[in-house]
Amino acid sequence: YKKDKRKQERIPKRIRKIGGKSIEERPEEINNRQELGHFEADTVLGKRGTKEAILVLTDRKTRLEMVRKIPDKTAESVIKELSKIITEYPGMIKSITSDNGSEFMRADKIEEENIAYYYAHSYSSWERGSNENNNRFIRRFIRKGTDIGKCSKRCIKKIEKYINAYPRKQFGGKSADEVYKELFT
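Rules used in this analysis
Residues numbered from 1 in each chain as written. Predicted model: local features only at pLDDT ≥ 70, side-chain atom pairs only at ≥ 80, totals over all residues. Heavy atoms only, no water. 1 Å grid on protein atoms, 1.4 Å probe; cavity = no way out; pocket = protein on both sides within 12 Å on 5 of 7 lines; lining within 4 Å. Points joined across faces, edges and corners; volume = space filled by probe spheres on them. Nonpolar A, V, L, I, M, F, W, Y, C, P; charged D, E, K, R; others polar. Buried < 20%, exposed > 50% of the residue type's maximum accessible area, 1.4 Å probe, protein only. Helix = DSSP H or I, 4+ residues; strand = E, 2+ residues; numbered from the N terminus. Arc of directions from axis to C-beta. Contact = heavy atoms within 4.5 Å. Salt bridge = Lys/Arg side-chain N within 4 Å of Asp/Glu carboxyl O.

> What is the right way to read the layout of surface pockets from this model?
The gaps of empty space that remain are located by a probe, the size of a water molecule, rolled over the atoms. A volume near 380 Å³ is recorded for the largest pocket. Along the wall of the largest pocket there are 17 residues; nearest its centre are Thr43, Val44, Leu45, Arg139 and Lys144. Split by residue class, the lining of the largest pocket holds 2 nonpolar, 5 polar and 10 charged. What the second largest pocket holds in volume is close to 260 Å³.

In structure tokens:
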């Protein structure tokens, strides 16, 4: 006689956001790219099975990139690196918009620094389009399947400089660095 095969119920993994608001609550001046200091955040992963990742922040108005290597894709690593960036550039970051990845679930720690935090809708990468487009630049240097652990911080800085010095059609051939310097000074 055959035994009855019972299916085990799968319990979906729940990740709870702590802090942050929906992108629908984001003010119009951020949506219209009118003001400097509103950033989109994302992580770029390398080879499967490796821990290291790259944290990418993109300014919505100037497309200025901040690219940092983090030891792993955890909320603690992201918060630690964001805190370093905030202290390195005081007053520069006014808001951050990220996806719903597990690495961005501790928005409360960023909001403690008086920085507004917004979450884009799930599976809506177009809501953070500048960031996604600039991630393609990173993929020119670090292809999918490449171990990010083998990339030095110097290599990551070189990628950041390349992206920020790249002439852009939307700015009439000016780079993100040039546009940022014009607006900031």
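> Explain helix α6 (residues 176–184) to me, please; I cannot follow it from the model alone.
For an α-helix the count is 3.6 residues per turn, leaving residues at separations of three or four pointing the same way. If you check which residues of α6 are buried, you get Ala176, Val179 and Tyr180. With its buried residues spanning 100° around the axis, α6 presents them on a single face. Structurally, α6 contributes buried residues whose contacts are with α5 (153–165).

> Whenever I open this one, the pattern of salt bridges confuses me. Can you help?
Where side chains of opposite charge bring their charged atoms close, a pairing between them can arise. Counted under the stated rule, the structure contains 12 salt bridges. Across the pair Lys157 and Glu160 runs a salt bridge, and its minimum N-O distance is 3.8 Å. Here Glu160 and Lys157 lie together in helix α5, a separation of 3 residues that amounts to about one turn. Accessibility expressed as a relative area gives 38% for Lys157, which makes it partly exposed. Notably, a salt bridge pairs Lys174 with Glu182, separated by 2.8 Å at the nearest N-O pair. Note on Lys174: relative accessible area 32%, which makes it partly exposed. The structure contains a network of salt bridges with shared partners spanning Asp42, Asp99, Arg128 and Glu132.

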